[in-house]
Amino acid sequence: MIRKLLIANRGEIACRITKTCREMGIATVAVYSDADARALHVELADEAVHIGASPAAESYLNGAKIIAAAQRTGADAIHPGYGFLSENAAFAQAVIDAGLIWIGPTPAAIEAMGDKRRAKLLLKNIPLVPGYSGEDQSDETLIAAAGEIGYPLMVKAAAGGGGKGMRRVNSADDLPDALASARREARAAFGDATLILEKYIERARHIEIQIFGDTHGNVIALGERECSIQRRHQKIIEETPSTALDDDLRQRMCDAAVSVGKQIGYVNAGTVEFILDEAKAFYFMEMNTRLQVEHPVTDMVTGLDLVRLQIEVAQGGFLPPLINRYGHAVEARIYAEDPFNDFLPVSGKLLRWREPVTQHLVESKRVWAWSKTIIDSGVRTGDSIGTFYDPTLAKLIAHGDNRDDAIRRLDYALAQLQIFGIRSNISFLRRILQHPDFSAGNLSTEFIDQHPELLAPELPPPSVALIAAALAKTGDTSAYWRNNAFRPIQQTFKHNDQPITVKLAPNSGTHSCAVHIGADSYHVELWNFSDSQLDLAVDGYRQRVTVLCGDADDWWVHCSAGTFRLDWVSPLPQGRPAEEASGTLRAPMPGQVTRVHVAEGQRVGKGEVLLVMEAMKMEHRITAPHAGVVTSLYFSVGQSVQQGVKLLDVHASDVE
């Protein structure tokens, strides 16, 4: 019997596992790095142990320290969550050898499926994507194999997952660079640079089957999850059931997934991932031998707690004899990133984190079915989002009687989630959920590429957001001193570098004012202002707006239209900024320089890769904005850089 469990992870999944353990009466032990000393997952656990410095290699990837922490605290078991060491067979074996219960599959199963190349050679009677999975990893062999497979194709890390070490290649000219880049990223993320090639299936759908095995030889399928909405080959919206599957196809895919599990004697939670083409033929891609990020949508429709089931199976329990499925569930992943700037991760301090109302139980004739919205998060107001780990902040999941209900409920919950201090992908997620093709279920892994309008620049803030920011900045308008009492109070903000001026003309003795924004005029009544919230009516339209000021007079405003950052512009004369040479390239985010492809004095062409940065486990290439000459180079390989610092200068020339 497990009485105390150590969670070898961080963030939202560590918090999620802790919640289930509390319900089961199991004490929890958290582990944490320097960066996570004050993290939410540490506070929620019953005990916590410091395991090293902030880089994952010195903490969350150090299996010996984690096992030592379990032994020190008297833990009976270790749950790895997902990511980090969750699919590391050597770590799983070390846990077992230490006399602890490993909450996951056997080390043999992890090893068998952990290498995509070997997994495809091992499985029998499972349809595979055409490709190359050979031992020879030389560029010459891979290039020759690519010619036989045909373009476009995918380069993948054999030991990979989560979109890391993965590149789409459209032509032979692009392959050498993709191989080198994928190898670097795979080696950094997984310690293994082995690659495989797969034919890229156009307009495919990504369908995965959740399977579960117990120690008594039983393997079952809990249904599918549609994971086709992706950016950078990483899932961002998942749902079940899939709109692409009928009962017959669903059964055939579930049977194939169960066959995979039985062939390797699988135990605990696992996911078999397939590609589904337009003709409804499906192909095995890989198996994830762990709990998935998107497991809550399966929880929702089955009424199961998969984390609880993992723990029960690890203790020798049996799988449930009958699985009911009801309704539809959709999940959205909340990231600290800027979708309108190539999805670059962002860092900074969370000035405000306010979650929507969740855990809503709806009366139903089917009393076992919950219609609700939940959020799995690992952050709170005041937390700092750094660059050591991936940019996941939370997962928001909604369930409904049908797909439309679930989508509407999820969109509403996203609208209520308030994130101030850093950019997030919330508005982008809402654009997807509201898109007609998404509503119709017309999905593919190319959905975002096929709909460039999803990445159109962020719309200007509505008048109510600007008015609220101006009122909050001004404070009590009746006490605001002016040389000329009849001259409007003027506040100027920048949004996406565009200045917008708001003029307030308070009405004497009232909590109302006339407001002018450009050529538009409004009558505004302020009903209440407390705890950063303004209740105001604009021309009789009453709304509640949340406003908060950051350290640099950056104003964050949340209203029904979304969240907006407004930078206040001082009316005082500003010193003239130093001129910067055209072609100065600055770091788009904090990170580390991993490769430098140029030297000072070197001529480069437009679009040529100049250097490569790594941040939040992903590579980001800095390219030349125009043809020219590299006149200055400020950083070398291995150096850390902060967002906005100069990386290099490229002096423009006519040479291409």
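Quick summary incoming for the structure in this document. (Residues numbered from 1 in each chain as written. Predicted model: local features only at pLDDT ≥ 70, side-chain atom pairs only at ≥ 80, totals over all residues. Heavy atoms only, no water.)

**Concerning the overall build of the chain**
What the chain contains, in helices and strands, is 16 helices and 39 strands. Expressed as lengths along the three principal axes of its C-alpha atoms, the size of the chain is roughly 85 × 70 × 55 Å. Here the chain, with 656 residues, has 54% of them falling under the buried criterion. Roughly 28300 Å² of accessible area belongs to the chain as shown, and the carbon and sulfur atoms make up 49% of that amount. Within the chain, one finds 66 positive and 81 negative side-chain charges whose respective centroids are separated by 3 Å. (Helix = DSSP H or I, 4+ residues; strand = E, 2+ residues; numbered from the N terminus. Buried < 20%, exposed > 50% of the residue type's maximum accessible area, 1.4 Å probe, protein only. Areas by Shrake-Rupley, 256 points an atom, 1.4 Å probe, with all protein chains shown as cover. Lys, Arg positive; Asp, Glu negative; His and termini not counted. Charge placed at Lys NZ, Arg CZ, Asp CG, Glu CD.)

**Section: helix α7 (residues 139–149)**
Residues L142, A145, A146 and I149 constitute the buried set of α7. Looking straight down α7, one finds its buried side chains confined to an arc of 105 degrees; they lie on one side. Those residues of α7 that are exposed and aimed more than 90 degrees away from the buried face are E140, G147 and E148. Those residues of α7 that are buried lie in contact with β6 (131–132), β7 (153–157), α8 (175–190) and β9 (195–199). (Arc of directions from axis to C-beta. Contact = heavy atoms within 4.5 Å.)

**Notes on the sheet that holds strand β2 (residues 27–33)**
With parallel pairing, the 5 strands of this open sheet are ordered in space as β3-β2-β1-β4-β5. Every other strand in the sheet has two partners, leaving β3 (47–52) and β5 (101–102) as the edge strands with one partner each. In this structure, β2 lies alongside β3, joined through 5 bridges in parallel fashion. Bridge pairing links V31 to V49 in β3. This element, helix α1 (residues 11–24), spans β1 (4–7), β2 and β4 (77–79) of the sheet and lies at about 170 degrees to β1. (Pairing = 2+ DSSP bridges. Axes fitted to C-alpha atoms, helices over the stretch in contact; angles between N-to-C directions.)

**Digging into the environment of D539**
With respect to the helices, strands and loops of the structure, D539 is situated in the loop between β28 (533–538) and β29 (541–549). Between the C-alpha atom of D539 and that of Y522, which follows or precedes it by 17 residues, the distance is 6.0 Å. If sequence neighbours within four positions are ignored, D539 has contacts with S521, Y522 and H523.

**A word on the state of the cysteines**
By definition, a disulfide links two cysteine residues through a covalent bond between their sulfur atoms. Taken as a whole and assessed by the stated rule, the structure comprises 0 disulfides. Summary of cysteine pairing: C254 is not part of a disulfide, and the nearest cysteine sulfur, belonging to C227, is at 13 Å. Overall, the relative accessible area of 10% leaves C254 in the buried class. (Disulfide = S-S within 2.5 Å.)

**Quick notes on the sheet that holds strand β34 (residues 603–604)**
Here we have 4 strands laid out as an open sheet, ordered β32-β39-β37-β34, and antiparallel in their pairing. Looking along the sheet, the strands with just one partner apiece sit at the ends: β32 (584–586) and β34.

**Observations concerning the packing of aromatic side chains**
Per the counting criterion, the structure on display carries 10 aromatic pairs. Summarising the aromatic geometry, the rings of Y60 and F84 are spaced 5.1 Å apart at their centres and angled 20 degrees between planes, so their arrangement reads as stacked. Here Y60, found in the loop between β3 and α3 (63–73), pairs with F84, found in the loop between β4 and α4 (89–97); they are 24 residues apart in sequence, far enough to count as distant. The pair Y60 / F84 is uniform in exposure class, with both members buried. Considering the side-chain rings of F438 and F447, the 6.5 Å spacing of their centres and the 80 degrees angle between planes classify their relative orientation as edge-to-face. An aromatic cluster of at least three residues, connected via ring pairs, comprises Y60, F84, F388 and Y389. (Phe/Tyr/Trp six-rings, centres within 6.5 Å; stacked < 30°, edge-to-face > 60°.)

**Some points on the pattern of salt bridges**
Overall, the coordinates contain 40 salt bridges when judged by the stated rule. As a salt-bridge pair, D338 and R423 come within 3.9 Å of each other at their nearest N and O atoms. Of the two residues, D338 is situated in strand β16 (residues 337–338) and R423 in the loop between β23 (418–420) and α13 (426–433); the sequence distance between them amounts to 85 residues. Judged by relative accessible area, which is 32%, R423 ranks as partly exposed. With a closest N to O distance of 3.9 Å, R423 and E458 form a salt bridge. Of this pair, R423 sits in the loop between β23 and α13 while E458 sits in the loop between α15 (447–450) and α16 (463–474), and the two are 35 residues apart along the sequence. Overlapping salt bridges, with partners in common, bring together E208, R225, K235, E238, E273, E294 and R333 in one network. (Salt bridge = Lys/Arg side-chain N within 4 Å of Asp/Glu carboxyl O.)

**A closer look at the pairing of β29**
Strand direction decides the pairing type here: β28 and β29, joined by 6 bridges, are antiparallel. Directly across from V538, in β29, lies its bridge partner Y541. The turn joining β28 and β29, which pair antiparallel and follow one another in sequence, is formed by 2 residues; a positive phi near 50 degrees is taken by D539. With 4 bridges connecting them, β29 and strand β30 (residues 554–559) associate as antiparallel partners. Bridge pairing links T546 to H558 in β30. Taken together, β29 and the strand that follows it, β30, pair antiparallel across an intervening segment of 4 residues, in which D553 is found at a positive phi of about 55 degrees.

**Considering the packing of α1 against helix α11 (residues 306–314)**
Helix-helix packing is described using two parameters, namely the angle between the two axes and the distance between the axes. As a packed pair, α1 and α11 sit with axes 9 Å apart at the nearest point and diverge in direction by 65 degrees. Seen along the crossing, α1 lies across α11 with a hand that is right-handed. Taken together, the residues of α11 that come into contact with α1 (itself represented by R16, I17, T20, C21 and M24) are V307, R308, I311 and E312. Its residues placed into classes, the contact of α1 with α11 shows 5 nonpolar, 1 polar and 3 charged. (Left-handed = near helix turned anticlockwise from the far one by under 90°. Nonpolar A, V, L, I, M, F, W, Y, C, P; charged D, E, K, R; others polar.)

**Some remarks on unusual backbone geometry**
Cis geometry is found at the peptide bond from Y151 to P152, where omega equals 0 degrees. Inspection of the secondary structure assignment puts P152 in the loop between α7 and β7. The backbone phi angle of K280 is positive, close to 70 degrees, even though this residue is not glycine. Within the fold, K280 resides in the loop between β13 (268–276) and β14 (282–288). Classification of K280 as partly exposed rests on a relative accessible area of 38%.

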